[in-house]
Amino acid sequence: KLEYFLRSVEGVSKAKVNERTCDAMIWYCGTRETVVRALSEFDYRTFEAAVPQSSGRALAREFEDKLFFLIARRLITRFILPAPVSALLTVIRAVPYITKGIRSLKHKKLEVSVLDAVTIAVSVLRADFATAGSVMFLLRLGELLEEWTYRKSVDDLAQRMYLNVEKVWMKCGDTEVLVSVDEVEPGDRIVVRTGNVIPLDGIIVSGEPAVNEASMTGESLPVRKAAGNYVYAGTVIDEGICEIEVKKEFGSGRYDRMVAMIEDSEKLKSAVETRAAHLADALVPYSLGGTALAWLLTGNVDRALAVLMVDFSCALKLSMPIAVLSAMRECSEHQIAVKGGKFLEAVSDARTIIFDKTGTLTRARPSVAEIITFGDYEESEILRLSACLEEHYPHSIANAVVAEAERCGLAHREMHSEVEYIVAHGIASTVNGQRVLIGSPHFLMEDEHCRIPDGEQRKFEALPEEYSHLYLAIGGELAAVLCIEDPIREDAVGVIKELRRLGFDKVVMMTGDSRRTAETVAVRLGIDECYAELLPEDKARFIREEHDRGRRVIMIGDGINDSPALSEADAGIAIASGAAIAREVADITISADSLHELLTLRRISDGLMCRIRRNYRVIMGFNSLLIALGFFGVIAPAATATLHNLSTVLISLHSMTNLIESEKDRKNHVDNKVS
């Protein structure tokens, strides 16, 4: 509570609270008095804030305890206990390692566990209990570091996937009210529409939606649900609308399911991790063969043991997953949520990058610049009706219409029948017995064959070209065109130039917007290829064609219509402020504040692949050197074991460090600090 309170204080950039030592460390800009005054006003009993279900503090405390007791036990066994007692404890602790090696041999597998078992068993048989104890201590230390890094990365990722929903449409009588998800209680009824995430567990009361359950089951194909079916928080409505009776309050059980889903997901395994694991096991026979060869050639047991004490497998299996998971953790520090290591590898290898236009290359918050009416309709009437329809579907243009109605003080109560969302086209409904359509020019004029009112053709032809156009038709006749000002992000030009410098040789923009508007944006940004007036399947088809050319592709988008392309890409990247289904389908999510996070993502991905290649070289080189020194009798078996295991831990610890400097570090800026 104190930590989250301090983070909310104006001027505080970072806060860390340690309950063991009962202190708070606060990084702040501004005056010390402001921070001290806020701290003096804090009260645990009265403070209420959105503290997450799992903050990671318990996990950190658990592993701190494990690490402390592991080191303490080793020191006591090595330096305090009498030698016979220490030897007995070493033999007892060796049993599980030897048993694991024997079990592996029973299954006719020569794995790392066999090598560990032989090393420990030979040391025990030679009464070299110090070496056996050191080997087991370093193995356990490595396992503990790997487990902690893995659990921490999974925990961070689960929190980011968990805290996504803030508002929900709740059924109140015959109308719907937009409320905070925290206000919904079991027994209440909520309405969820196409493209929205289901925020709470419950039972469908009405409707037959197609639900994408990939976030829970890993199955990408949507499942058709009907009244009486149970649906889970975190899944997404691919198509349709449904009313749900809530069975569990917000957060109940969902965090644990998120953690389980991530832990079970093969997406966490990158190709380099898989190669490292396979190579580690493949090298075991060579290590055993080298030991036998050393004994046959020299007849010296110590030299043979010196070779046996060293293997490549331990460091390979340990450092690679730690490097990948640490990179995922570092991404989360930069507001980038990555669902698996293989997507970082894909980002590093990709040479084609595809952008959606609206809400991605342009600002996430476009605005209504002008409303051009046709017939006898008033601007306020058009805006009220448009907002009433658009508020149910989260997209940057829909948000712009709703925001403009709020700015003008126009209340827009539910005046329509059931709303139908047509992906990449628009919305259809019925108001006062007339069919109402709002969406793209293609949808209204070509698909629905809406007509322009008599005598207003010239006004239609004079629509301003600098804006994106949102058409509204009532009863088959064009009623208005809402001109959406969709300014280009200030950082877009610089980011695209830097992406080229980082290795992308093909920058593409794809949009469902008009060709004229799209080409204007593409020229200003220096885009290589521009495709306009596209349907979702057109974007996905282009990515498949790039794959056929042997190119890896990443796609950045924020809308429901971007979902097929995000799924098709080697790494789909969603903007956090976009549609829920885009975030769920995407492999990576970045915040909407800045496109510079794409550069950070690329640098971390490139840094990860460089670190992995460097780890390979260091592990192979250093361990080969140790084997050679042991073979020629330069160093004893205990020394080779210690140096080998120490190098493994050091490489793993280095793999846990950040891959890139933070912006603050680069600017060498140091905030005031008080503890």
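Just so it is clear, the model here is predicted, and its values are computed rather than measured. (Residues numbered from 1 in each chain as written. Predicted model: local features only at pLDDT ≥ 70, side-chain atom pairs only at ≥ 80, totals over all residues. Heavy atoms only, no water.)

Draft legend 1. Highlighting empty space enclosed by the protein. Applying the stated rule across the entire model yields four cavities of 30 Å³ or more. Looking at the largest cavity, its volume works out to about 70 Å³. Lining the largest cavity are Asp 116, Thr 119, Val 135, Leu 139, Leu 308, Met 309, Asp 311, His 644 and Asn 645. Along the lines of polarity and charge, the residues of the lining of the largest cavity split into four nonpolar, three polar and two charged. (1 Å grid on protein atoms, 1.4 Å probe; cavity = no way out; pocket = protein on both sides within 12 Å on 5 of 7 lines; lining within 4 Å. Points joined across faces, edges and corners; volume = space filled by probe spheres on them. Nonpolar A, V, L, I, M, F, W, Y, C, P; charged D, E, K, R; others polar.)

Draft legend 2. Region of interest: the nonpolar core. Membership of the largest hydrophobic core comes to 54 residues, with the highest contact counts inside it found for Val 338, Ile 588 and Leu 601. Among the elements that take part in this core, helix 12 (residues 313-333) stands out by supplying nine residues, more than any other. Among residues more than four places away in sequence, those in contact with Ile 588 are Ile 336, Ala 337, Val 338, Phe 343, Val 347, Ala 571, Gly 572, Ile 573, Ala 574 and Leu 601. Core analysis: the next-biggest nonpolar cluster, separate from the first, contains 23 residues, Ile 382, Val 419, Leu 470 and Ala 479 among them. (Core = buried A, V, L, I, M, F, W, Y, C linked by side-chain atoms within 4.5 Å. Buried < 20%, exposed > 50% of the residue type's maximum accessible area, 1.4 Å probe, protein only. Helix = DSSP H or I, 4+ residues; strand = E, 2+ residues; numbered from the N terminus. Contact = heavy atoms within 4.5 Å.)

Draft legend 3. Region of interest: the packing of helix 10 (residues 284-298) against helix 11 (residues 301-308). Viewed as axis vectors pointing N to C, helix 10 and helix 11 meet at an angle of 165 degrees, and their least axial separation amounts to 8 Å. Of the possible angle classes, the one that applies to helix 10 and helix 11 is roughly antiparallel. Handedness of the helix 10/helix 11 crossing: right-handed. Residue-level contacts link Leu 288, Gly 290, Thr 291, Ala 294, Trp 295 and Thr 298 of helix 10 to Val 301, Arg 303, Ala 304, Val 307 and Leu 308 of helix 11. When its residues are assigned to classes, the contact of helix 10 with helix 11 shows seven nonpolar, three polar and one charged. (Axes fitted to C-alpha atoms, helices over the stretch in contact; angles between N-to-C directions. Parallel < 35°, antiparallel > 145°, perpendicular 65-115°, else oblique. Left-handed = near helix turned anticlockwise from the far one by under 90°.)

Draft legend 4. Just the packing of aromatic side chains, in detail. Tallied over the full model, the rule gives seven aromatic pairs. Judged by centre distance (4.9 Å) and plane angle (40 degrees), the rings of Phe 5 and Phe 42 are tilted. Taken together, the positions of Phe 5 in helix 1 (residues 2-8) and Phe 42 in the loop between helix 2 (32-41) and helix 3 (57-80) put the pair 37 residues apart, joining distant regions of the chain. Since its relative accessible area comes to 15%, Phe 5 is described here as buried. What makes Phe 42 buried here is its relative accessible area of 15%. Measuring from ring centre to ring centre gives 5.2 Å for Tyr 531 and Phe 542, while their planes differ by 50 degrees; the resulting arrangement is tilted. Remark: Phe 542 occurs in helix 21 (residues 536-548) and Tyr 531 occurs in strand 21 (residues 529-531); sequence separation between them is eleven residues. (Phe/Tyr/Trp six-rings, centres within 6.5 Å; stacked < 30°, edge-to-face > 60°.)

Remember that the coordinates give geometry; whether it matters functionally is a separate question.
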